[in-house]
Number of protein chains: 2
Amino acid sequence: MSKRALTKLRDELLDLQFKLRRSAGGALVLIVTGVPTAGRSETINELVSWLDPKYVSVRAFGAPDLAERRRPPMWRYWMHLPQRGRMAFYFAGWYADIVPDTRARHGKLASKRAIARIRQLEAMLAADGVAVLKIHLHLDRKTQKKRLKELRADKLTRWRVTEEDRWFADHYATATRIVSRTIRTTDRVSAPWHIVDGADPKRRVIEAAKLLRDALRRVLQSSVAKKKVVKRFAERAAPLLPRTKATSLDDDAYENELGLLQGRLAYAVRSKQFAKRGLVLAFEGLDAAGKGGAIRRIAQALDARQYQVIPVAAPSPEEAAHPYLWRFWKHVPERGEIAIFDRSWYGRVLVERVRGFTSERDWRRAYGEINEFERQLTEHEIVVAKFWLQVSKVEQLKRFKAREKDPLKRFKVDEEDWVNRRYYDAYQAAAADMIRLTDRPDARWTVIDADQKKHARLQVLRTVCDALERRV
Amino acid sequence: MSKRALTKLRDELLDLQFKLRRSAGGALVLIVTGVPTAGRSETINELVSWLDPKYVSVRAFGAPDLAERRRPPMWRYWMHLPQRGRMAFYFAGWYADIVPDTRARHGKLASKRAIARIRQLEAMLAADGVAVLKIHLHLDRKTQKKRLKELRADKLTRWRVTEEDRWFADHYATATRIVSRTIRTTDRVSAPWHIVDGADPKRRVIEAAKLLRDALRRVLQSSVAKKKVVKRFAERAAPLLPRTKATSLDDDAYENELGLLQGRLAYAVRSKQFAKRGLVLAFEGLDAAGKGGAIRRIAQALDARQYQVIPVAAPSPEEAAHPYLWRFWKHVPERGEIAIFDRSWYGRVLVERVRGFTSERDWRRAYGEINEFERQLTEHEIVVAKFWLQVSKVEQLKRFKAREKDPLKRFKVDEEDWVNRRYYDAYQAAAADMIRLTDRPDARWTVIDADQKKHARLQVLRTVCDALERRV
């Protein structure tokens, strides 16, 4: 490539980076993998030096650290996704677990689930406007051996050869098998792999830069072309939600059973088995359905050091700049801990769908993304329980009015609640779809008749206890 | 308290919480400590239920987890400070380490440094508009024993008594000694302790609520009264910075020494001792001083999994809503890791001082806060090195012009850089003050003659190697 052409390429990249920041509609992830001495660091470092480094984060993923091991495997990748308008360059990225895992298992290939998790993540990112560019730097066996030998011969460069590099060189056939199978199973239209020859330092950078340029162009086009959110309401008649008809309870019976259930809960979360697990509870329901009250009855049984209540409202600017589930991944509990969500990731298929805050395309794909999210939690041995607190239209009105009269509860009712109430039927339809599409054997929905507060609180506690006792 | 007075109190609290959110000028931390069965959880839970829980975070600090133990002790408290406009209620808060520590050391009182760290943090928070309200719930020995006995007798409540509770009850004298000494040494005008009798459940909540109300009133008053930032420039003549006069280097000699130094660095950070430590590098200097180039030469010697480069620009809204050092605490490396700051926490006493972005009162207190921050790093065995890259006015102009001509470096010079250049002398004065006031034996400043790029890069590397080799 002539010097002039190179200057033009670098200029284009800078320009595209600038446009990406301005558009604030998309983001880009570049993953570089490769065989030893094929120039992974050199390529990434060179590309970064061509760009404005303030808007590129570089990260290498090695063996997961202690905090990472205490959470589902994809957690650490979620935590470092780039914000809209930015780029992230990763050494290995979410492929970091594949090779070491395969090594540890003596050449047995990575599990289908590990591959499926990656495919799901990449599909979600693509749908969300985050381009994923994957480059594998290749070297033939002879060149690789020669380079390693040269590096090791010189005391100034010997330290560059890691133990992993040596393993790779010594197990060329196995390593090649792992790599080609990984590439084959994760090469998809939305996130394709590119094999670049690492033999010539200059050429490999130029080739990577061109791939980056093309990927940036595509992400800019698609984010410009992205349709505006179309307001659209669920018009279907509200289907009947399954209901357990509640009977009224006297105070003594309630207090007694509440104490017993709290004791059961307290006992279950103090068990040794629970320390290897964790608990995620999601509470959904219309305004004034009694989510807060039910959560407090659970919290009373817990040691404050063990749990967090996460109230979910409109996203902050930082949260809005990340893929939708990012802000929920942030709160995934460590082993032995408890996260209670007062409203949850289901907001996308409830309020955002009903009120038209999100396009139909986006909330429709959310069902699948949510199922995958919860599957990753349960695979990590976290117990997941989800509650829909079903309050009738009449009872809701009664509670709104009572709250407005009470000076201490006034703040609980605002204009927005009254507006939401007008969509009561649409919420019923959305809830029915949600339950139908996201009820899985190990992440069950429980529909609670919330018109009877005491009954509702006891049933929530009972369900949590049952779910825990089955696993610990 | 009459029912009417109680309603009024709760109403006042809600109103103050609302005003706090609106003012967005202050925040509040409530720390509740106490002897067993004095009602810590009950008091906090009750107070939260009186407020809008979306803007109160509740957190209990127990024994530090693995990720926390790998960072300086105050790190976890920094990570959970409330944003402006919000409140955080902590069980034990940063006093969480005092009692267990004392227990582990068989009654020996917490170290002076542990107390000093707390005093520094609280003084910083107060100066920053974050009120710290500390409540200790007390019970006499007899009542405490009686309550524990009752709790343990009933199978519905037995689980509430923890092992720590029993230790406390069994070591009443020691526990009292720890508590009173802690309270005595950390009771300051800016963050006073309040002792509340925990015997009567209703009265203790009301008393806590009143203290909360008064604290909220004070923080609102002071944040309303807070003066606007006064633009003010350092007018002093620029003092001479100490300089090591650089000699020019030919390319071969440079490349050879660069390789040797990178090898030394690579060797040092791969040592077993380094895994127990960590490295923090801070780079400061005017625009075009060559910070990026020096950092890249260091990065070349490192495994990408081991380090992070943190470019520091204007704070994000989330960062601006926290105390100043929060965003740097976020990036404090774990043991064995390396954080390289391209500009740093010294921004407050450089650009913010020179350009008048921060009031004089605030940047003046930053020297002390920064010294404390770095002391906590070095106490945690992190190696800290700081560089001022000194570029002359003539050389800076030359570089600006060269960058503007180069299409690939254009983005590196913007209007802001030219504006900053007009403050060249003020920056010199600010840098001289900074070095004078924050140069400590284990967190040294090195002033680098940055007019000679090669020389500068080698000297930076040499300094880092020397600093590391002294410790590992």
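Our structure's up above, just so we're on the same page.
Structure report, in brief. Since the model is a prediction, treat every value here as computed from it, not as a measurement. (Residues numbered from 1 in each chain as written. Chains lettered and ligands numbered in written order. Predicted model: local features only at pLDDT ≥ 70, side-chain atom pairs only at ≥ 80, totals over all residues. Heavy atoms only, no water.)

**Thoughts on the interface of chain A and chain B**
Here is step 1: At the junction of the two partners, chain A supplies 47 residues and chain B supplies 47 residues.
Here is step 2: Carbon and sulfur atoms make up 62% of the area that chain A and chain B hide from each other, which totals about 4000 Å².
Here is step 3: Counting across the interface, chain A meets chain B through four residue pairs in polar contact (both at pLDDT 80 or more).
Here is step 4: When residues in the side of chain A that touches chain B are grouped by element, the largest group, six residues, is from helix H11 (residues 251-269) of chain A.
Here is step 5: Taken together, the residues of the side of chain A that touches chain B break down into 21 nonpolar, 10 polar and 16 charged. (Contact = heavy atoms within 4.5 Å. Buried area = accessible area lost by both parts, 1.4 Å probe. Polar contact = N/O pair within 3.5 Å; in protein donor to acceptor, adjacent residues only side chain to side chain. Helix = DSSP H or I, 4+ residues; strand = E, 2+ residues; numbered from the N terminus. Nonpolar A, V, L, I, M, F, W, Y, C, P; charged D, E, K, R; others polar.)

**Remarks on the relation of the copies chain A and chain B**
Here is step 1: Under the fitted operation, chain A is carried onto chain B by 0.0 Å of movement along the axis and a turn of 180°, and the coordinates agree to an RMSD of 0.0 Å. Here the symmetry operator amounts to a two-fold rotation axis. The C-alpha atom lying nearest the rotation axis in chain A is that of A:Ala67; the distance is 2.7 Å.
Here is step 2: In this assembly, 100% of the residues forming the interface of chain A have copies in chain B that are likewise at the interface, indicating an isologous arrangement. (Least-squares fit on C-alpha atoms with pLDDT ≥ 70 in both.)

**A few points about the sheet that holds strand S8 (residues 338-342) of chain B**
Residues and elements named next belong to chain B.
Here is step 1: Judged by pairing direction, the sheet is parallel, and its five strands sit side by side in the order S7-S8-S6-S9-S10 without closing on themselves. In this open sheet, the two edge strands, each paired with only one partner strand, are strand S7 (307-311) and strand S10 (443-449). Going from strand to strand, the sheet's axes swing by 15° on average, the running direction of each strand aside.
Here is step 2: Sheet analysis places strand S9 (residues 383-390) next to S10, joined by seven bridges and oriented parallel. Its bridge partner being in S10, Trp388 is matched across the sheet by Val447.
Here is step 3: Contacting S9 and S10, helix H19 (residues 424-438) crosses the sheet at an angle of about 155° to S9. (Pairing = 2+ DSSP bridges. Axes fitted to C-alpha atoms, helices over the stretch in contact; angles between N-to-C directions.)

**Quick look at the pattern of salt bridges**
Here is step 1: Taken as a whole and assessed by the stated rule, the structure comprises 78 salt bridges over all chains.
Here is step 2: Taking the shortest distance from any N to any O, the salt bridge between A:Asp214 and A:Arg217 comes out at 3.9 Å. Linking A:Asp214 with A:Arg217, this pair stays in helix H10 (residues 201-225), spanning three residues, or about one helical turn.
Here is step 3: Assessed through its relative accessible area of 28%, A:Asp214 is described here as partly exposed.
Here is step 4: On the basis of relative accessible area, A:Arg217 is assigned to the partly exposed category, the value being 36%.
Here is step 5: The partner of B:Asp128 in a salt bridge is B:Arg84, with the nearest N and O atoms 3.3 Å apart. Taken together, the residues span a long stretch of sequence, with B:Asp128 in the loop between helix H6 (112-127) and strand S4 (130-138) and B:Arg84 in the loop between helix H4 (75-79) and strand S3 (87-91) at a distance of 44 residues.
Here is step 6: By relative accessible area, which is 6% here, B:Asp128 ends up buried.
Here is step 7: The class for B:Arg84 is partly exposed, based on a relative accessible area of 24%. (Salt bridge = Lys/Arg side-chain N within 4 Å of Asp/Glu carboxyl O. Buried < 20%, exposed > 50% of the residue type's maximum accessible area, 1.4 Å probe, protein only.)

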